[in-house]
Amino acid sequence: MIDAEFHPRILIVEGSEDKYFVIRLRERSNLPDNFWILNKGGKDPLLQSIGAEADVEGRTILGIVLDADDDPSDCWRKVTRELNSLRQEEHFDLPELPDQPDPRGTIIEGRVRIGIWLMPNNRSPGELEDLVADMIPDDDPVWPLSEQYIDGIPEKHRVFSLEKALKAKVHAWLATRKQPRPMGRAVQARDLNVNVATATAFADWLRELFKEMS
């Protein structure tokens, strides 16, 4: 069995929620189970690991998934800065990187195929919860109530920032499931719709990134 850290095809993510969301989406979207997912324990550790992960002996594909947060452009610059440092290495064949991410998910062909996805959709500020919010069925009767609950919390009692309000609403909704569960389990339980455009775009990017290399 191949050690996870030395698997030829890996996807690095910020945290355990991201990891198990991808695992369950992979199952629901019938994606090949041909890549390993590594939880890096945060955005900064993920960014700092990019160069080393791309340069692991025998590595053929490296996928990078991280939250755009408040500034997608700044997030993109941080990722490409780490990758551009590899371009200085003579042994590492990496083409010039684009100035901005591909809305469909970026894939760069070189000695190692590198893919980059900024949550939720490579364009907008946000995080995994923004993608999950899109996956809540349109006719779900509890979602509007979850929104009302969070919106109704008096400002003096809010300990989350305005930018995190959607995240709070998603987790309030998750708490109402038959068995309150994390996002990945909600995908597995079919509480979330994997056929919405944002989820299928992410799944299509994973499928294209980890397809067999010619």
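Cut-offs used in this document
Residues numbered from 1 in each chain as written. Predicted model: local features only at pLDDT ≥ 70, side-chain atom pairs only at ≥ 80, totals over all residues. Heavy atoms only, no water. Helix = DSSP H or I, 4+ residues; strand = E, 2+ residues; numbered from the N terminus. Rg over C-alpha atoms; globule rule 2.2 N^0.38 Å. Buried < 20%, exposed > 50% of the residue type's maximum accessible area, 1.4 Å probe, protein only. Contact = heavy atoms within 4.5 Å. Areas by Shrake-Rupley, 256 points an atom, 1.4 Å probe, with all protein chains shown as cover. Lys, Arg positive; Asp, Glu negative; His and termini not counted. Charge placed at Lys NZ, Arg CZ, Asp CG, Glu CD. Pairing = 2+ DSSP bridges. Axes fitted to C-alpha atoms, helices over the stretch in contact; angles between N-to-C directions. Parallel < 35°, antiparallel > 145°, perpendicular 65-115°, else oblique. Left-handed = near helix turned anticlockwise from the far one by under 90°. Phe/Tyr/Trp six-rings, centres within 6.5 Å; stacked < 30°, edge-to-face > 60°. Lys NZ or Arg CZ within 6 Å of the ring centre and 35° of its normal.

J.: For this particular structure, what's the right way to read the overall build of the protein?
T.: Per the secondary structure count, the protein includes eight helices and five strands. Ordering the α and β elements of the protein from the N terminus gives β-α-β-α-β-α-β-β-α-α-α-α-α. Here the C-alpha atoms of the protein give a radius of gyration of 18 Å, agreeing with the 17 Å that 2.2 N^0.38 yields for 214 residues. Dimensions of the protein, computed from C-alpha atoms along their principal axes, come out at roughly 55 × 35 × 25 Å. A buried classification covers 50% of the 214 residues belonging to the protein. Within the protein, residue pairs in contact and separated by at least 24 positions form 67% of the contacts whose partners lie at least 6 positions apart. Total accessible area on the protein is roughly 11200 Å²; 47% of this is exposed by carbon and sulfur atoms. Counting 28 positive and 39 negative side-chain charges, the protein places the centres of these two groups 5 Å from one another.

J.: What am I meant to see in the sheet that holds strand E4 (residues 106-108) here?
T.: Within a beta sheet, neighbouring strands are joined by backbone hydrogen bonds and run either parallel or antiparallel to one another. Sheet architecture is open: five strands sit in the order E2-E1-E3-E5-E4, paired in mixed fashion. The sheet is open, and its two borders are formed by strand E2 (36-39) and E4, each paired with just one other strand. Strand after strand, the sheet turns through a mean of 20° between neighbouring axes, direction not considered. In this structure, strand E3 (residues 61-67) lies alongside strand E5 (residues 113-119), joined through seven bridges in parallel fashion. Residue pairing across strands places Asp 67 opposite Met 119, the latter belonging to E5. Against the sheet, helix H1 (residues 16-28) touches strand E1 (9-13), E2 and E3, its axis set at about 160° to E2. Of the strands in this sheet, E1, E3, E4 and E5 are in contact with helix H8 (residues 197-209), which crosses E5 at around 170°.

J.: Would you explain the packing of helix H5 (residues 142-151) against helix H6 (residues 165-174) in this entry?
T.: When two helices pack together, their arrangement is given by the angle between the helix axes and the distance between those axes. At a closest axis distance of 9 Å, the pairing of H5 and H6 adopts a crossing angle of 130°. What the angle tells us is that H5 and H6 run oblique. Taken as a pair, H5 and H6 cross one another with a handedness that is right-handed. Across the interface between the two elements, Val 142, Trp 143, Ser 146, Glu 147, Tyr 149, Ile 150 and Asp 151 of H5 pack against Ala 165, Leu 166, Ala 168, Lys 169, Val 170, Ala 172 and Trp 173 of H6.

J.: What is the right way to look at unusual backbone geometry in this model?
T.: With the exception of glycine, the majority of residues adopt a negative phi angle, and the majority of peptide bonds are in the trans configuration. Of note, the amide linkage connecting Met 119 to Pro 120 takes the cis form, showing an omega dihedral of 10°. Along the chain, Pro 120 turns up in the loop between E5 and helix H4 (128-135). Even without being a glycine, Asn 30 presents a positive backbone phi close to 55°. In this structure, Asp 69 takes a positive phi of about 55° despite not being glycine. Along the polypeptide, Asp 69 turns up in the loop between E3 and helix H3 (72-86). The exposure class of Asp 69 is partly exposed, given its relative accessible area of 27%.

J.: I would appreciate a short explanation of H6 in the present structure.
T.: Since one α-helical turn is 3.6 residues long, residues separated by three or four positions face the same way. The element H6 is largely enclosed, with a buried count of seven among its ten residues. For H6, the complete set of buried residues consists of Ala 165, Ala 168, Lys 169, Val 170, Ala 172, Trp 173 and Leu 174. Check the buried side of H6 and you find it contacts H4, H5 and helix H7 (183-188).

J.: How should I be thinking about the packing of aromatic side chains in this particular structure?
T.: By convention here, two paired aromatic rings are described through the distance between centres and the angle between planes. Following the criterion strictly, the structure yields four aromatic pairs and no others. Considering the side-chain rings of Phe 35 and Phe 210, the 4.0 Å spacing of their centres and the 10° angle between planes classify their relative orientation as stacked. Linking Phe 35 in the loop between H1 and E2 with Phe 210 in the segment after H8, this pair joins segments that are 175 residues apart in sequence. Seen from their ring centres, Phe 202 and Trp 205 are 5.9 Å apart, and the 20° between their planes marks the pair as stacked. Residue Phe 202 and its partner Trp 205 are both found in helix H8; the two are separated by three residues, about one turn of the helix. For the residue pair Phe 202 and Trp 205, the accessibility class agrees, reading buried in each case. Put simply, the rings of Trp 117, Phe 202 and Trp 205 touch in pairs and so form one group of aromatic residues. The residue whose ring lies beneath Arg 177 is Trp 173, and the NZ or CZ to ring-centre distance is 4.0 Å.

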